[in-house]
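Structure assessment
Residues per chain are reported as follows:
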Amino acid sequence: MVKAGRAAATWRAYREVSKPGSPGVRARLRAVPRMLRAAVKGDYPGLTKGKLAMLGMAVAYIVSPIDVVPDFLLGIGVVDDFGVFLWLATALLGESGQFVEWERDPRATVK
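Nothing here was measured: the structure is a model prediction, and the numbers come from that model.

For the rest of this paragraph, the subject is the nonpolar core. Generally speaking, soluble globular proteins have nonpolar side chains that are buried together. Counting 15 residues, the largest nonpolar core has Met-35, Tyr-44, Leu-47, Leu-55 and Phe-99 as its most contacted members. Going through the elements one at a time, helix 2 (25-41), helix 3 (49-63) and helix 4 (77-104) are the ones with two or more residues in this core. In terms of residue count, the dominant contributor to this core is helix 4 (six residues). Look past the residues within four positions of Met-35 in its chain and what remains in contact with it is Tyr-44, Leu-47, Leu-92, Glu-95, Ser-96 and Phe-99.

All chains considered together, the criterion is met by four aromatic pairs. Connected via pairs of aromatic rings, a cluster forms that spans Tyr-44, Phe-99 and Trp-102.

Packing of helix 2 against helix 4 leaves a shortest axis separation of 8 Å and a crossing angle of 80 degrees. Here helix 2 is positioned roughly perpendicular relative to helix 4, judged by the angle of their axes. Each of Val-25, Ala-27, Arg-28, Leu-29, Ala-31, Val-32, Arg-34, Met-35 and Ala-38 in helix 2 lies in contact with helix 4, whose residues at this interface are Leu-92, Leu-93, Gly-94, Glu-95, Ser-96, Gly-97, Phe-99, Val-100 and Glu-103.

What follows covers a nonpolar patch on the surface. There is a patch of nonpolar side chains on the surface, built from Met-54, Met-57 and Trp-87 and spanning about 310 Å² of accessible area. Tracing the backbone shows Trp-87 in helix 4. With relative accessibility at 38%, the residue Trp-87 sits in the partly exposed group.

Rules behind the numbers
- Residues numbered from 1 in each chain as written.
- Predicted model: local features only at pLDDT ≥ 70, side-chain atom pairs only at ≥ 80, totals over all residues.
- Heavy atoms only, no water.
- Core = buried A, V, L, I, M, F, W, Y, C linked by side-chain atoms within 4.5 Å.
- Buried < 20%, exposed > 50% of the residue type's maximum accessible area, 1.4 Å probe, protein only.
- Helix = DSSP H or I, 4+ residues; strand = E, 2+ residues; numbered from the N terminus.
- Contact = heavy atoms within 4.5 Å.
- Phe/Tyr/Trp six-rings, centres within 6.5 Å; stacked < 30°, edge-to-face > 60°.
- Axes fitted to C-alpha atoms, helices over the stretch in contact; angles between N-to-C directions.
- Parallel < 35°, antiparallel > 145°, perpendicular 65-115°, else oblique.
- Patch = residues over 30% accessible without salt bridge, like charges linked within 9 Å, V, L, I, M, F, W, Y side chains within 5 Å.
- Areas by Shrake-Rupley, 256 points an atom, 1.4 Å probe, with all protein chains shown as cover.
- Salt bridge = Lys/Arg side-chain N within 4 Å of Asp/Glu carboxyl O.

Okay, here's the thing in structure tokens:
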């Protein structure tokens, strides 16, 4: 069930990125460093400290040698890392799209 949820979230992110008038993947990826800087400074209200911490924990989990399922279990060990990576990519694409919209109009409400 969790895999289906991740797949559905990834599909929603793809549909959002490919929607006409929405920032594209390239614009979103280029906005990630600006978004993180603005969030850390406190300028961007859309990325709370909690969301920022979750993104940081996801990166730490991916690069950490300690896993829930060890990587030496071929085929199974990489699946948990890939699931976290999918979540991270989906979250970053969604958040950076909202950030690009916020940059265009800072008075707009952020979800």
